[in-house]
Amino acid sequence: ESGWDFTSRFYNRCNEFLPIDLNCYLYKYEKDFEITEHILGNKKTELFWSEKAEKRKKTINKLMWSEKSGFFFDYGFKNHRQSDFLSLAGFVPLWAGIATPKQADMMAKKLSSFETEFGLTITSRDSLAPDVDLSKIPIRYRTAINEVVKPKQWDYPNIWPPLEYLTVIGLLKYGFTEDAKRIMNKSISAHSKVFRENNTFFERIDGEKGTKPSYDFHYSMQSGFGWTNAVFFRYVKILEALENSQDIYVFGETQKDPPYELSILN
């Protein structure tokens, strides 16, 4: 099945977009390769990966950062136009350490577009297409229009632990500790309730009700899901460290500004 059928982010044209999260992951790979080559003493290849990462970082900021909106977005390269679809993927530059402190301050204000009493939804409700009365549309167009506007599994109101987790870690790296704690506590409470009711975790939960979603998409709801288990455990350990006043940061000798290194596994 085509990837665009899983999210509304790309308006059913995913092969025309440069995703913000994918490029952040590639940047992180390039920085990791740079560190690896430094450890191995390969100065030439270390410089190669350093330059690749820096070039990607500049391109991400040029094409995907919106100063007006204060957020990172996917970029439609075919039409040379930045998307305005609010996805939790826009927080991944915090996790990757790409955002500046000023950008991070602006991005943190976008949390309200995603946050419910159960955690962070995968997209903003406001970015979804409005309801369309297909009965008023000519029959020959209805199937195509329905494919664009119908609910998709990586859309609001679903809460998916992986991108929520990267957002939380990004918030911690930039010093937004209280925001991160609030989201982690909401998530733990919601998933604990779901577990008590179903004797298992699920791959996602309903961000409006804090329950197991009552609807399937391309496949049946997956239970006992690995990333939910892992994220739940990590949230518990991080909150435990913070509550015990454990220093979760590793500061360099001259480091004054975020992003900070975390002493906990991320």
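Cut-offs and rules
- Residues numbered from 1 in each chain as written.
- Predicted model: local features only at pLDDT ≥ 70, side-chain atom pairs only at ≥ 80, totals over all residues.
- Heavy atoms only, no water.
- Helix = DSSP H or I, 4+ residues; strand = E, 2+ residues; numbered from the N terminus.
- Rg over C-alpha atoms; globule rule 2.2 N^0.38 Å.
- Buried < 20%, exposed > 50% of the residue type's maximum accessible area, 1.4 Å probe, protein only.
- Contact = heavy atoms within 4.5 Å.
- Areas by Shrake-Rupley, 256 points an atom, 1.4 Å probe, with all protein chains shown as cover.
- Pairing = 2+ DSSP bridges.
- Core = buried A, V, L, I, M, F, W, Y, C linked by side-chain atoms within 4.5 Å.
- Axes fitted to C-alpha atoms, helices over the stretch in contact; angles between N-to-C directions.
- Parallel < 35°, antiparallel > 145°, perpendicular 65-115°, else oblique.
- Left-handed = near helix turned anticlockwise from the far one by under 90°.
- Nonpolar A, V, L, I, M, F, W, Y, C, P; charged D, E, K, R; others polar.
- Phe/Tyr/Trp six-rings, centres within 6.5 Å; stacked < 30°, edge-to-face > 60°.
- Disulfide = S-S within 2.5 Å.
- Salt bridge = Lys/Arg side-chain N within 4 Å of Asp/Glu carboxyl O.
- Polar contact = N/O pair within 3.5 Å; in protein donor to acceptor, adjacent residues only side chain to side chain.

J.: Would you explain the overall build of the protein in this entry?
T.: Each helix and strand in the protein was counted, giving eight helices and eleven strands. The C-alpha radius of gyration computed for the protein amounts to 20 Å, which stays within 12% of the reference 18 Å derived for 266 residues, consistent with globular compactness. Every one of the 266 residues in the protein was classed for burial, and the buried ones make up 45%. Sequence separation of at least 24 residues holds for 66% of the intrachain contacts in the protein that already meet a minimum separation of 6. Working note: accessible area of the protein is about 14300 Å², and carbon and sulfur atoms make up 53% of it.

J.: Is there a simple way to explain the sheet that holds strand β1 (residues 17-18) in this structure?
T.: Read across the open sheet, the three strands follow the order β1-β4-β5; overall the sheet is antiparallel. Both edges of this open sheet fall to β1 and β5 (81-82), since each of them pairs with a single strand only. By the bridge criterion, two bridges tie strand β4 (residues 75-76) to β5 in an arrangement that is antiparallel. Among the inter-strand pairings, Tyr75 is bridged to a residue of β5, identified as Gln82.

J.: Where do I start with the nonpolar core in this structure?
T.: Generally speaking, nonpolar side chains in soluble globular proteins are found buried as a group. Residues Phe72, Phe91, Leu94, Met107, Leu172, Met184 and Ile248 are the most contacted members of the largest nonpolar core, which totals 53 residues. For this core, the secondary-structure elements that each account for two or more residues are α1 (20-40), α2 (43-64), β3 (71-72), α3 (92-96), α4 (101-108), α6 (161-173), α7 (177-198) and α8 (226-243). With seven residues, the single largest contributor to this core is α6. Those residues in contact with Ile248, other than ones at most four positions away along the chain, are Leu172, Ala241, Leu242, Glu261, Leu262, Ser263 and Ile264. Counting seven residues, the second largest nonpolar core, distinct from the first, contains Phe118, Val194, Phe202 and Ile205.

J.: When you look at the packing of α1 against α2 in this model, what are you seeing that I'm missing?
T.: Helix-helix packing is described using two parameters, namely the angle between the two axes and the distance between the axes. It is at 8 Å that the axes of α1 and α2 come closest, and there the two elements cross at 160°. With respect to α2, the axis of α1 lies roughly antiparallel. Here the hand of the crossing between α1 and α2 comes out left-handed. Residues Ile20, Asn23, Cys24, Leu26, Tyr27, Glu30, Lys31, Phe33, Glu34, Glu37 and His38 of α1 form the contact with α2, whose own contacting residues are Thr45, Glu46, Trp49, Ser50, Lys52, Ala53, Arg56, Lys57, Ile60 and Met64. A class-by-class count of the residues in the contact of α1 with α2 yields nine nonpolar, four polar and eight charged.

J.: Just checking my understanding: could you explain the packing of aromatic side chains for this structure?
T.: Ring pairs (aromatic) are described by centroid distance and by the angle formed between their planes. Across all of its chains, the model carries 22 aromatic pairs by this definition. On the numbers, 5.7 Å between centres and 45° between planes, the contact of Phe10 with Phe17 is tilted. Neither residue differs from the other here; Phe10 and Phe17 are each classed as buried.

J.: Sorry, what's going on with the packing of α6 against α8 here?
T.: Where α6 contacts α8, the two axes come as close as 9 Å, and the packing angle between them is 25°. By the angle between their axes, α6 is roughly parallel relative to α8. Regarding α6 and α8, the two cross each other, and that crossing is left-handed. Residue-level contacts link Pro161, Pro162, Glu164, Tyr165, Val168, Ile169 and Leu172 of α6 to Trp227, Thr228, Val231, Arg234, Tyr235 and Ile238 of α8.

J.: I would appreciate a short explanation of the state of the cysteines in the present structure.
T.: Defined simply, a disulfide is a covalent bond joining two cysteines at their sulfur atoms. Here the structure, examined in full by the defined rule, presents zero disulfides. In this model Cys14 remains outside any disulfide bridge; the closest cysteine sulfur is found in Cys24, 18 Å from its own. By relative accessible area, Cys14 is classed as partly exposed at 27%.

J.: Any chance you could explain the pattern of salt bridges here in plain terms?
T.: Side chains that differ in charge, positive against negative, can pair when their charged atoms come close. One pass over the structure, following the stated rule, counts 16 salt bridges. We note a salt bridge from Arg56 to Glu30, for which the minimum N-O separation is 2.9 Å. Here the residue Arg56 occupies a position in helix α2, and Glu30 occupies one in helix α1, the gap between them amounting to 26 residues. Residue class for Glu30 comes out buried when judged on its relative accessible area of 5%. Across the pair Lys102 and Glu67 runs a salt bridge, and its minimum N-O distance is 3.6 Å. Of this pair, Lys102 sits in helix α4 while Glu67 sits in the loop between β2 (65-66) and β3, placing them 35 residues apart in sequence. By relative accessible area, Lys102 is classed as exposed at 56%. Taken together, the shared-partner salt bridges connect Glu115, Asp179, Arg182 and Lys186 into one network.

J.: Sorry if this is basic, but what is going on with the side chain of Glu115 here?
T.: Note that Glu115 resides in strand β6 (residues 115-116). Owing to a relative accessible area of 19%, Glu115 belongs among the buried residues under this scheme. For Glu115, the side chain forms a polar contact with the side chain of Lys186, separated by 2.7 Å. Once residues lying within four places of it in the same chain are set aside, the contact partners of Glu115 are Leu120, Arg182, Ile183 and Lys186.

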